[in-house]
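Analysis of the macromolecular model
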Amino acid sequence: MNSALGHLLLARFRESIRHPETIFWTFVFPILLAFALGIAFRGERPDPAAAVVVDLPGAADVARTLRENDDVRVKVLSRAAADHLLRTGGAAVLVIPGDPLVYRYDPTRPDSRLARERVDRILQRAAGRTDRLPASDSLVTEPGARYIDFLVPGLLGMNLMGGGLWGIGWVIVEDRIRKLLKLQLATPMRKRDFLLAHVLSRMVFLPLEVVPLLVLCWLFFGVSPAGSLLTLAAGTVAGALSFAGLGTLLASRARTTATISGLINLATFPMIVLSGVFFSVSRFPDSLQPLIRALPLTALIDMLRGVMTDGAHLAELLPQFLVMGLWGTLSFVVALWIFRWT
Amino acid sequence: MRPVKETSPARGPAVSLRGLVKRYDTVVAVDSLDLEIRAGECFGLLGPNGAGKTTAIEILVGLQTPTAGQVEVLGQEWGKDDRSLRSRIGVSLQETRFPERLTVAEVVALFASFYPKSRDPLLVIREVGLVEKAGAWTSKLSGGQRQRLALACALAGDPELLVLDEPTTGLDPQARLAFGDSILSYKDRGCTILLSTHYMEEAQRLCDRVAIIDRGKALAVGSPGDLIATLDANLVVEVEMAAGDVEDEAVRQVAGVSSVRRENGALLVSVREAHITVPALLDLFRTRSATLAHLTLRQATLSDVYVSLTGRKYRDE
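Residues numbered from 1 in each chain as written. Chains lettered and ligands numbered in written order. Predicted model: local features only at pLDDT ≥ 70, side-chain atom pairs only at ≥ 80, totals over all residues.

**A few points about the overall build of chain A**
Helix and strand counts for chain A stand at 13 helices and four strands. Its C-alpha atoms give chain A a radius of gyration of 26 Å, more than 25% over the compact-globule value 20 Å for 342 residues. Principal axes of the C-alpha set define a box for chain A whose edges measure 85 × 40 × 40 Å. For chain A, with 342 residues in total, the buried portion stands at 38%. Taking contacts inside chain A between residues at least 6 apart in sequence as the whole, the part at least 24 apart equals 75%. (Helix = DSSP H or I, 4+ residues; strand = E, 2+ residues; numbered from the N terminus. Rg over C-alpha atoms; globule rule 2.2 N^0.38 Å. Buried ≥ 20, exposed ≤ 12 C-beta atoms within 10 Å, placed from the backbone. Contact = placed C-beta atoms within 7 Å.)

**Description of the domain arrangement of chain A**
Per the domain assignment, the segments making up chain A are domain 1 (3-41 + 143-338) and domain 2 (49-126). In this structure, domain 1 of chain A and domain 2 of chain A have C-alpha centres spaced 45 Å apart. (Domains from an automatic or database assignment.)

**Regarding the interface of chain A and chain B**
The interface is formed by 20 residues belonging to chain A together with 23 residues belonging to chain B. Broken down by secondary-structure element, the contributors of at least two residues to the side of chain A that touches chain B are helix 1 (3-17) and helix 7 (180-185) of chain A. Of all the elements, helix 1 of chain A adds the most residues to the side of chain A that touches chain B, at seven residues. When the residues that make up the side of chain A that touches chain B are grouped by side-chain class, the tally is nine nonpolar, five polar and six charged. (Nonpolar A, V, L, I, M, F, W, Y, C, P; charged D, E, K, R; others polar.)

**Overview of the nonpolar core**
Of all hydrophobic cores here, the largest spans 100 residues; its most connected members are Leu60(B), Val108(B), Ala152(B) and Val163(B). Sorting elements by how many residues they give to this core places helix 3 (residues 104-114) of chain B first, with eight residues. Leave out the neighbours within four places in its chain, and Val163(B) touches Ile57(B), Leu60(B), Val61(B), Ile89(B), Val91(B) and Leu194(B). Listed in part, the 55 residues of the second largest apolar core include Leu300(A), Leu304(A), Ala312(A) and Met324(A). (Core = buried A, V, L, I, M, F, W, Y, C linked by C-beta atoms within 7 Å.)

**So, the packing of helix 6 (residues 147-177) of chain A against helix 10 (residues 257-274) of chain A**
A pair of packed helices is characterised by two quantities: the angle between their axes and the separation of those axes. Residue and element names in this part refer to chain A. Interaxial distance between helix 6 and helix 10 falls to 9 Å at its minimum, and their mutual angle equals 165°. By the angle between their directions, the pair helix 6 and helix 10 is classed as roughly antiparallel. Of the two possible hands of crossing, helix 6 and helix 10 adopt the one that is right-handed. Residues Met-158, Met-161, Gly-162, Leu-165, Trp-166, Gly-169, Trp-170, Val-173, Glu-174 and Ile-177 of helix 6 touch helix 10, and the partners they reach there are Thr-257, Ile-260, Ile-264, Ala-267, Thr-268, Met-271 and Ile-272. (Axes fitted to C-alpha atoms, helices over the stretch in contact; angles between N-to-C directions. Parallel < 35°, antiparallel > 145°, perpendicular 65-115°, else oblique. Left-handed = near helix turned anticlockwise from the far one by under 90°.)

This is the structure we're talking about:
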């Protein structure tokens, strides 16, 4: 490593760790988010369905029957109050006593459909229905299949994306506004050393972004990678490099911090929604799938989930590495080409 | 201390600009500018804001390409082996803000690392008088200290040519004086210095030669003394009235008066021979019963040269 590159890298590192907000967004925030979501969806006991019985003749009997079952949380309310609760998400299903009994719910809400089935089953059995086919449940609670296991790779991917785009994009634009880029261009500094220092500084921060999150989630939620740590490391490096390239590209022309934050938000929000951070990509229509699979964040998260939950090997993850590699290389090359120094 | 560089007249010019033009869409920032800066001298580009000084400097240090004209710096042209040329030039630009949370020593060391033959950063920091701030974050520096840091960065690579764009703008007069002294010490070591300023008295004090730039053109080039000598009257009588006034036309009629103008309520009269003209002026004021608040006789300055060249009043700000 030549002395200029070393000094540039050192300067980047010092500047970052001397900004408390960097520390917060990079290291503390993802951990807080993981804990908040991990606790909300810890999945130890299934959430009881929230059913509201509308206060009409017969309501007391229905409520009593439902209360005998742990699977349902029951309230008896007036029609207006019950409707309000359903609209605002406090109730999953309304039970309106009468002949026939009416279930009122939003069929697009999975929890409502589940609640309707549970409530109906309890009431039908109480009314004398018997199940003809003998069946019993085998419940899955082991690590690897819970929401937190799904969530941690998603958060990790989102974190690496944010680190790359904000950590490089924002800083380069700041240097441009400060006219530091211009002044450095007037020195014999090599342009590639400058850009390389930004990319390499991501490699310095990478362990700090990844390791504490994984260790804490392992300690508190028992989330542990099923696959090899080496593959996981290779994947996070590939993801970080990919977003380092994209961050450089986004910063290559922007002249104000408003422009760069707009560009970064424009790049990140669609990916946070589409790339399966919080829920599975398979929810989107088939026609969108090729596009979604081509996004760098999808590739990174798929790769992380592959290693962490399925124990996938490097060879099985080649398509993901290819997508990340292409994004990283292409955006870096274009960035170098169109970069505005002065 | 490194040995003082030889400044024999045989050395070619440090900088030579011929027919330099820079045009943006509709604006002509530099309009066929010719300049030659000699090795080892301190040369000043002097002119109001917007005169084209910064554009000329940025072309000279290879940050902009000219629309037309030739640029030769230290015997080289831009576009061939720029890196080696850049390593011989130290630059400070206007309004550079250094990374806030790096220390002075870290910033200078960073810039030194870019140059193949750099100097010890701490030594440079001592020379610009920032030694007690070496460990301070740049965000804690005053305006003057920031300019000193910019100078230190320009000096970190041991340049043959030091180019400083408005190095003292925004400093108070005392800080400007101290800054000027630091710059002069580099000239003594054989470094060629080009600086731009809009402070006339600063150019007069620091520069061996100056070019008065206005609207992208060099109106005059020469030593401050020579430029002042080109005025047909090199003394100025400044008069402030306590009561009454005399119209300019009457003053102009007084023997030996070469020109009359007014600045900030004062009457400025350019004269050739004070011993003849000053008594005649006093007689005129007496006959018009105008009483003086004060009267000063001074040498003409570069500001007076600027006024005589452009016919416009020079504004410092």
